[in-house]
Amino acid sequence: MKKALSLLLAGALSVGLLAGCGQTAPSSTASTGASTGTGTSGAAEANKTIDTLRIAFVPSREPDEIITATEPLKQLLTDELAKLGYDVGEVDITVGTSYEAVGEALSAGTADVGLIPGGTYVLYDDGCDVLLTATRDGLSIDSDNAKDWNDNAPTEPTTEQVTSYRALMIAGPSEKGKALAEKVNAGEALTWEDVSGVNWSVANSSSPAGYIYPSLWLQENFDKNITELPHAVQSDSYGSAFARLASGQVDVLCTYADARRDYEDEWTGEYGMTNSIWDDTAVIGVTPAIYNDTISVSKTSPIMDDDFKAALSEAFINIGNTEEGKEVIAIYSHNGYQPAQSSDYDSERAAQEMIQSLNSAG
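Keep in mind it's a predicted model, so treat the numbers as computed, not measured.

Draft legend 1. The arrangement of the overall build of the chain in detail. Looking only at helices and strands, one finds 15 helices and 15 strands in the chain. Put simply, the chain has 362 residues, and 56% of those count as buried. Within the chain, residue pairs in contact and separated by at least 24 positions form 76% of the contacts whose partners lie at least 6 positions apart. Within the structure as shown, the chain displays about 14400 Å² of accessible surface, and the carbon and sulfur contribution to it stands at 46%.

Laid out in structure tokens, this is it:
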């Protein structure tokens, strides 16, 4: 049912589910020493051995950027797990070709660990368990009103740690994008004719900020869903979406609330824009809060017993509490981790059910 729902959501964009990532990664095996649990409580206890730990990231940033930024995670995890009773021979990090590819890899056991959004987790929770929820810095703006985001720009981080975030619909510097922004900033309500007459960039169908919650926003405001946008294209990453927005290929994109902070340098560098991203873009829509990303593990991975899951959770939490670790996980705007349970994502399940209902009705 989960896979059918994913196919249904993606169908309107004519994008099929891709094969799971990490298929060429070496198989992971665990050989048990004298120790029967995590930790190093006795000198005579031997660490368990994990030949390969396979970690898959979703492509929310450029894949090369993710691979480079997360390279230090390999040694950090190796060191932390060694303290907790596990000697890991190799940490293999890959970036999936899509969000669904990582979900499929976790379900198939070709990836052991996935850093995935809540939307991807609930679509594939038959094949994976959630261990942790990411925390992130709060933002200086947290309003339901799009105009507030424009009046108080730029968005700045705060020291408050939060477990949820918002998705934004952001208009770019094209003529149609500016027209939408002017209407919102004048306090006027957008119409379906306004939003359906522009070019949109959306993410894949399991992305909360790039697809699911924007679709709920469309349903709430216009009694329409994302599949009914006549001019929507799927971008393979937020980086490519912002590049399209800068060039005028699209007029509006769907993204997470602090994305403009992440792409501020690229806007005037790689994308060749003269004005800052804050001057060239404006928020035209805001979604309700979305629960943060997960660290989830495969139910079919041969190394994922309860003891190793406990050690893995503790290792990631410890890493998130160090400055070096924070630098690594900042690639996903994560600032730390806390234990999670499946019920934390019940609201995400409700969102998925609504999307299914919307698409079925359409």
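After that view, the rundown keeps rolling.
Draft legend 2. Expanded view of unusual backbone geometry. In this model, Ala153 is joined to Pro154 through a cis peptide bond whose omega is 0 degrees. Turning to its location among the elements, Pro154 is positioned in the loop between helix H5 (146–151) and strand E6 (157–162). Its identity is not glycine, yet Asp223 carries a phi of approximately 55 degrees, on the positive side. Topologically, Asp223 is positioned in the loop between helix H8 (208–222) and strand E10 (232–234).

Draft legend 3. Broad picture of the layout of surface pockets. Counted as a void, the largest pocket has a volume near 320 Å³. Surrounding the largest pocket, 18 residues form its lining, Asp144, Trp217, Asn221, Ile284 and Gly285 being those nearest its centre. For the lining of the largest pocket, the residue count by class is 9 nonpolar, 5 polar and 4 charged.

Draft legend 4. Summary view of the sheet that holds strand E11 (residues 252–256). Spatially, 5 strands are ordered E10-E9-E11-E8-E12 in an open sheet, and the strand pairing comes out mixed. Of all strands in the sheet, those bounded by a partner on one side alone are E10 and strand E12 (282–286). This sheet shows a mean twist of 35 degrees between the axes of neighbouring strands, independent of strand direction. Across 2 bridges, the pairing between strand E9 (residues 200–202) and E11 is parallel. Bridged to Ser201 within E11 is Leu253. Here helix H6 (residues 175–185) sits on the sheet and contacts strand E8 (167–171), E11 and E12; the angle it forms with E12, its principal contact strand, is near 65 degrees. Taken strand by strand, helix H9 (residues 238–247) contacts E8, E9, E10 and E11, and its axis lies near 150 degrees from that of E11.

Draft legend 5. Here's a closer look at H8. Its axis deflected by about 30 degrees at Pro214, H8 carries its strongest bend there. Taking burial as the measure, the 15 residues of H8 include 12 buried ones, the bulk of the element. Buried within H8 we find Pro208, Ala209, Gly210, Tyr211, Ile212, Tyr213, Pro214, Ser215, Leu216, Trp217, Leu218 and Phe222. After H8 finishes, the residue Asp223 shows a positive phi value of roughly 55 degrees.

Draft legend 6. Region of the structure containing helix H13 (residues 306–320). The end-to-end C-alpha separation of H13 is 21 Å, in line with the 21 Å expected for 15 residues at 1.5 Å each. Where H13 is concerned, the buried positions are Phe308, Lys309, Ala311, Leu312, Ser313, Ala315, Phe316, Ile319 and Gly320.

Draft legend 7. Layout of empty space enclosed by the protein. The tally for this structure, following the rule as stated, stands at 2 cavities of 30 Å³ or more. Approximately 190 Å³ is the volume attributed to the largest cavity. Along the wall of the largest cavity there are 16 residues; nearest its centre are Ser60, Tyr99, Tyr238, Tyr256 and Asp293. In this structure, the second largest cavity spans a volume of roughly 50 Å³. Lining the second largest cavity, in full, are Phe57, Thr70, Leu73, Leu115, Phe316, Val328, Ile329, Ile331, Tyr332, His334 and Tyr337. Broken down by secondary-structure element, the contributors of at least two residues to the lining of the second largest cavity are helix H2 (63–83) and helix H14 (323–329). Residues belonging to the lining of the second largest cavity are distributed by class as follows: 9 nonpolar, 2 polar and no charged.

Draft legend 8. A look at a negative patch on the surface. Together, Glu62, Asp64, Asp236 and Glu270 make up a region of like negative charge exposed at the surface. Note that Asp236 resides in the loop between E10 and H9.

Draft legend 9. The side chain of Asp280, seen in detail. Mapped onto the elements, Asp280 comes out in helix H12 (residues 277–280). For the buried Asp280, no salt bridge exists, and the shortest N-O distance to an oppositely charged side chain is 6.1 Å, to Lys178. At 3.0 Å, the side chain of Asp280 forms a polar contact with the side chain of Trp267. Excluding residues that lie within four positions of it along the chain, Asp280 makes contacts with Ala171, Gly172, Pro173, Trp267, Met273 and Asn275.

Here is what the cut-offs are and how they apply
Residues numbered from 1 in each chain as written. Predicted model: local features only at pLDDT ≥ 70, side-chain atom pairs only at ≥ 80, totals over all residues. Heavy atoms only, no water. Helix = DSSP H or I, 4+ residues; strand = E, 2+ residues; numbered from the N terminus. Buried < 20%, exposed > 50% of the residue type's maximum accessible area, 1.4 Å probe, protein only. Contact = heavy atoms within 4.5 Å. Areas by Shrake-Rupley, 256 points an atom, 1.4 Å probe, with all protein chains shown as cover. 1 Å grid on protein atoms, 1.4 Å probe; cavity = no way out; pocket = protein on both sides within 12 Å on 5 of 7 lines; lining within 4 Å. Points joined across faces, edges and corners; volume = space filled by probe spheres on them. Nonpolar A, V, L, I, M, F, W, Y, C, P; charged D, E, K, R; others polar. Pairing = 2+ DSSP bridges. Axes fitted to C-alpha atoms, helices over the stretch in contact; angles between N-to-C directions. Bend = angle between axes of the 7 residues up to and from the residue. Expected span 1.5 Å × (residues − 1). Patch = residues over 30% accessible without salt bridge, like charges linked within 9 Å, V, L, I, M, F, W, Y side chains within 5 Å. Salt bridge = Lys/Arg side-chain N within 4 Å of Asp/Glu carboxyl O. Lys, Arg positive; Asp, Glu negative; His and termini not counted. Charge placed at Lys NZ, Arg CZ, Asp CG, Glu CD. Polar contact = N/O pair within 3.5 Å; in protein donor to acceptor, adjacent residues only side chain to side chain.

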